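Read off the chains here:
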Amino acid sequence: MVLEAVREAKNIRVTQQQIFGALHISENRKIIEQLTGEGKSITKILAGYLRVIGGDQVYLATTNDYLVEQEVTYYKNIWELLGVGAGSVMGPMAPQDLKANYGKEIIYGSKTKFMHDQLSDNSQMKAEARLQQRKDFVILDEADQLLVDEADTPAVLASGIQGEDPLAEDYIRMAQFVRELVELDKKLTADKGGLLIQ
């Protein structure tokens, strides 16, 4: 169904590499690497759809609002053909628009916006006032940039909270995971050919 929607909406033939990548992202929770032109956006759509039909809400995180706007605008018709609600959260938005977009099944946004809204939600006393009601699954575009190049931000947020927050252990594990990714990135920098799965 999703392959047909991509073909109908964009006249794009989905490749085996995109299917393989989407399966690894959605089922195995792996980080994959695809080079420019290999169809990362389609891979993300396939992986996101697999999670949505399983009942998850999916955040598609990228590096900036420009890419958010570009992707949600260009690929929205695929989501419409699939009957999946897709929205975006960017920059300053009216509270009712933020709430509406966070209620969709697919949410495009930048790492910075998702993090800002998470911090804002942490200050809310009532659960229903929080924007991010569900956090089922996140797909990172440019994972190396979000997790390695900008790794100092999550480390700062994760420090000094152990015992105060029920998610403290998750933050600490994520900080350790980021450190491991930095080391892995150093080892694999020379290998840039094709799909890389670790």
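These lines cover the structure that appears in this document, whether it is placed above or below. Sequence positions are assigned chain by chain, starting from 1 and proceeding in written order. Thresholds applied to this predicted model are a pLDDT of at least 70 for local features of residues and 80 or more for the giving and counting of side-chain atom pairs; totals over whole chains, interfaces and linings are not thresholded and use all residues. Remark: hydrogens and water are excluded; side-chain values derive from all non-hydrogen atoms of the structure.

**Focus: unusual backbone geometry**
Thinking step 1. Non-glycine residue Asn 11 carries a positive phi angle of around 55°.
Thinking step 2. Starting at the N terminus, helices and strands are each numbered in turn, a helix being any DSSP run of H or I of at least four residues and a strand any DSSP run of E of at least two. Residue placement: Asn 11 occurs in the loop between helix H1 (2-10) and helix H2 (16-28).
Thinking step 3. For Asn 11, a relative accessible area of 69% puts it in the exposed group. Between buried and exposed lies partly exposed: a residue is buried under 20% and exposed over 50% of the maximum accessible area for its type, with that area taken using a 1.4 Å probe on protein chains only.

**Some details on the pattern of salt bridges**
Thinking step 1. We define a salt bridge as a contact between a side-chain nitrogen of Lys or Arg and a carboxyl oxygen of Asp or Glu at a distance within 4 Å. By the definition in use, this model includes five salt bridges.
Thinking step 2. Ionic pairing is found between Asp 141 and Lys 44, a salt bridge with its closest N-O pair at 3.2 Å. Separated by 97 residues along the polypeptide, Asp 141 in the loop between strand S5 (137-140) and helix H7 (143-149) and Lys 44 in helix H3 (residues 40-53) bring together distant segments of the chain. Comparing Asp 141 with Lys 44, the two get one shared label, buried.

**Side note on the pairing of strand S3 (residues 86-89)**
Thinking step 1. Side chains Ala 86 and Ser 88 of S3 all project onto a buried face; the interleaved residues Gly 87 and Val 89 project onto the opposite face, where all are buried too.
Thinking step 2. Strand pairing is assigned whenever DSSP detects at least two bridges linking the two strands. Note: S3 against strand S4 (residues 106-110), four bridges, orientation parallel. Within S4, the position partnered with Gly 87 by the bridge is Ile 107.
Thinking step 3. When the strands point away from the viewer, a crossover counts as right-handed if the path from the first strand over the helix to the second runs clockwise. With respect to chirality, the unit in which S3 leads through helix H5 (residues 95-102) into the neighbouring parallel S4 is right-handed.

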